[in-house]
Amino acid sequence: MKTFKPSMWALGLLAILFIGAPASATAAPCLVVTLTGTQGGPSAFQGLAGAGTLVTYGDEANGCRAVILQFDAGRGTSMRLSQLGITPGQLDAVFVTHVHSDHVDGLSDLLQMRWMQEFKRPKVDIVCAADAPAPPGHVMSCARLVVHAGDAYVQSGEIAQRRSEDKTRPEGGPAQVANVRTFASTDQPQVIWSSGEVRVSAVRSTHVAGHASYRVDTPAGSVVIGGDAGNDVPAPPRSSSTSDQVEALARGAQVIVHSVIHPVMGPGGGTGFPAPIYHRQSTATDLGAMAQRTGAQHLMLTHLIPPLGADRQGPYRLPKGAITAADYEAAVRAGGYGAALTVGGDLSSVRLPARK
Ligand SMILES: [Zn+2]
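Model, not experiment: these values are computed from the prediction.

**Quick notes on the overall build of the chain**
Logical step 1: Each helix and strand in the chain was counted, giving eleven helices and 18 strands.
Logical step 2: Its C-alpha atoms give the chain a radius of gyration of 23 Å, near enough to 21 Å, the size a compact globule of 356 residues would have.
Logical step 3: Structurally, the chain occupies a C-alpha span of about 85 × 60 × 40 Å along its principal axes.
Logical step 4: When contacts within the chain are restricted to residue pairs at least 6 apart in sequence, those whose partners lie at least 24 apart make up 70%.

**Brief notes about the confidence of the model for the chain**
Logical step 1: Looking at the chain, pLDDT values average 94 and 93% of them are 70 or higher.
Logical step 2: Summarising per-element confidence for the chain, the mean pLDDT is lowest in helix α1 (residues 8-26) (47) and highest in strand β3 (residues 67-71) (99).
Logical step 3: Contacts for the low-pLDDT stretch residues 1-6, under 50 throughout, to residues beyond four places or in other chains number one contact.
Logical step 4: Below pLDDT 50 for its whole length, residues 8-24 participates in one contact with residues either more than four positions away or in separate chains.

**Side note on the sheet that holds strand β1 (residues 29-37)**
Logical step 1: Strand order in this open sheet of seven strands is β8-β5-β4-β3-β2-β1-β18, and the pairing throughout is mixed. Single-partner strands in this sheet number two, and they are β8 (178-183) and β18 (349-352). For this sheet, the mean inter-axis angle between neighbouring strands, taken without regard to orientation, is 20°.
Logical step 2: Bridge count for β1 against β18 is four bridges, and the pairing is antiparallel. Each residue of the ladder has a partner; that of Val32, found in β18, is Arg351.

**Things to note about unusual backbone geometry**
Logical step 1: Here the residue pair Pro236 and Pro237 is connected by a cis peptide bond, since its omega of 5° sits within 30 degrees of zero.
Logical step 2: With respect to the helices, strands and loops of the structure, Pro237 is situated in the loop between β12 (221-225) and α8 (244-250).
Logical step 3: Pro353 follows Leu352 through a cis peptide bond whose omega is -10°.
Logical step 4: At Gln46, a position not held by glycine, the phi torsion is positive, near 45°.
Logical step 5: Not every positive phi belongs to a glycine, and Cys64 is a case in point at roughly 60°.
Logical step 6: In this fold, Cys64 is placed in the loop between β2 (52-59) and β3.

Definitions and limits used
In this convention, every chain numbers its residues from 1, walking through the sequence in written order. pLDDT decides what is reported in this predicted model: residues at 70 or higher carry local features, side-chain atom pairs at 80 or more are listed and counted, and totals for whole chains, interfaces and linings draw on all residues regardless. Comment: elements are numbered from the N terminus, with helices defined as DSSP H or I runs of at least four residues and strands as E runs of at least two. For the radius of gyration, the atoms used are the C-alpha atoms, and the globule rule reads 2.2 Å times the number of residues raised to 0.38. Once C-beta atoms are placed from the backbone, any two residues with those atoms within 7 Å are in contact. You can read pLDDT as the predictor saying how much it trusts each residue, on a scale of 0 to 100. When DSSP locates at least two bridges between a pair of strands, those strands are taken to pair. A fitted line through C-alpha atoms represents every axis, and for helices the fit uses only the stretch in contact; the resulting angles, taken between N-to-C directions, go from 0 to 180 degrees.

Structure, rendered in structure tokens:
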């Protein structure tokens, strides 16, 4: 029998392999999707934060946080980010689906904090659709929202007072730390932002004028953030309440994050919830069907209407009482969806690749 006698050369090689192995393992790319707020609509319920999704990409060595992206920033976003150990100044970009307050209430807070404490960092990109005129005559303007995000603090005198304490803070207040980047909405996906290996694409989708849905592609996987998208046809009869553009955008993406409305809020359910507002959201059942068609591995429901455990959606009372996560799941499964499902609570999270 031969005895194995390693030479010095072989020992050296083994040492290199041994030392090298953990290094290559830590370089494995990873993507983390975390719901920073799951409240559906502008009402407040039991401390849920307003709509928002954090997407971070990197590798094991940096905790999957080489690139940090926030999609929408509803009420309380800075508080949820603080629970994740992320400061407003660490955000590389904020993407806005639409300028309803429940999706942007937290933006001025993020910018004010960045202006006060982290203004030496590069400006943060605020990415959203270009000004969108709507048929009634108003214009939905994300650009104006951002430019005026700090106006109340300027008008109150706070910005001048804080600059008197530190004159290196940018003159003009919170809007000065934001770099607004608007894009012309298209029905076909277009890349509207990128950083290294991370690409973000957008499509026009229907909810209110200027609504956009996003997809993040990375070497670790892809996630689609639908926002409050609904079908271009505003009411039945139609093939689905979900958006055809979002469906095309989501094809092949592992994770879909989407706002949801439960069928109990629908016309005839006795809630009195206005039918046009019901019809401009995607139902749980139609989202299940869409996620099944696109081949998603994970559907994350957020912006829940109604919230779990709530016996009302704002002023609209549910005649049969509160619904549960199981009720949302049943509605999604009725659409034929068979893969993983998260019925979002604040800070629900999915990681790609999943931890073994
Ligand atoms: Zn909303």
